[in-house]
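An overview of the molecular structure
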Amino acid sequence: MGFLDQDKVSDGATVSELTPDVFHRFMDWRRGPHRYSVQWGDKTFSHTSKGVSGEATQRVLDDVRAALNHAVNRGRLTYAPKVPGVEREQRSPARDVRLTIKQLGAIVAYASYEIE
């Protein structure tokens, strides 16, 4: 929302306005210093950032892509625009993480815990 308020595309943008140029401007904005304030109900939320990593930017793009595809799958949109990704050179290298059986068990136990 902060980006859309500051970009050429308004916060009332339509899906057809989400072009590759918009996504590339978002990537540049997110990775560089930025600040914004968003009104939500009767409160204003302000945020200031020195910029985030390519990996953090990619995560947001993945969420946008998933939301658009979900809307298509539910019949709310007729198509989802292609959401470009962050260039490989600007992303973190893959991590080689291996979990023990005990660690996997802890994850499953936590995930299956029902909060009442």
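Data block above holds the structure.
First, a word on scope: everything that follows refers to the structure included in this document. Keep in mind that this is a model prediction, so the values were computed, not measured.

1. Focus: the packing of aromatic side chains
As enumerated under the stated definition, the model contains four aromatic pairs in all. Ring geometry for Phe3 against Phe26: centres 5.4 Å apart, planes inclined by 80 degrees, an arrangement best described as edge-to-face. Taken as a pair, Phe3 in helix H1 (residues 2–6) and Phe26 in helix H2 (residues 20–31) lie far apart in primary sequence, 23 residues in all. The exposure classification of Phe3 matches that of Phe26, with both residues buried. With centroids separated by 5.6 Å and ring planes inclined at 55 degrees, the aromatic side chains of Phe3 and Trp29 adopt a geometry described as tilted.

2. Here's the deal with the pairing of strand S1 (residues 34–40)
As defined by bridge partners, S1 adjoins strand S2 (residues 43–49) across seven bridges and the pair is classed as antiparallel. Residue pairing for S2: Arg35 is matched across the bridge by Thr48. Between S1 and the antiparallel strand that follows it, S2, lie two residues; Gly41 among them carries a positive phi value of about 65 degrees.

3. What about the nonpolar core?
Membership of the largest hydrophobic core is limited to 12 residues, which are Phe3, Val9, Leu18, Val22, Phe23, Phe26, Met27, Trp29, Leu61, Leu68, Val83 and Val86. Those elements that provide at least two residues to this core are H2 and helix H3 (54–73). In terms of residue count, H2 provides more of this core than any other element does, five residues in total. Beyond its immediate sequence surroundings of up to four residues, Phe3 is in contact with Val22, Arg25, Phe26 and Trp29.

Rules used throughout
- Residues numbered from 1 in each chain as written.
- Predicted model: local features only at pLDDT ≥ 70, side-chain atom pairs only at ≥ 80, totals over all residues.
- Heavy atoms only, no water.
- Phe/Tyr/Trp six-rings, centres within 6.5 Å; stacked < 30°, edge-to-face > 60°.
- Helix = DSSP H or I, 4+ residues; strand = E, 2+ residues; numbered from the N terminus.
- Buried < 20%, exposed > 50% of the residue type's maximum accessible area, 1.4 Å probe, protein only.
- Pairing = 2+ DSSP bridges.
- Core = buried A, V, L, I, M, F, W, Y, C linked by side-chain atoms within 4.5 Å.
- Contact = heavy atoms within 4.5 Å.

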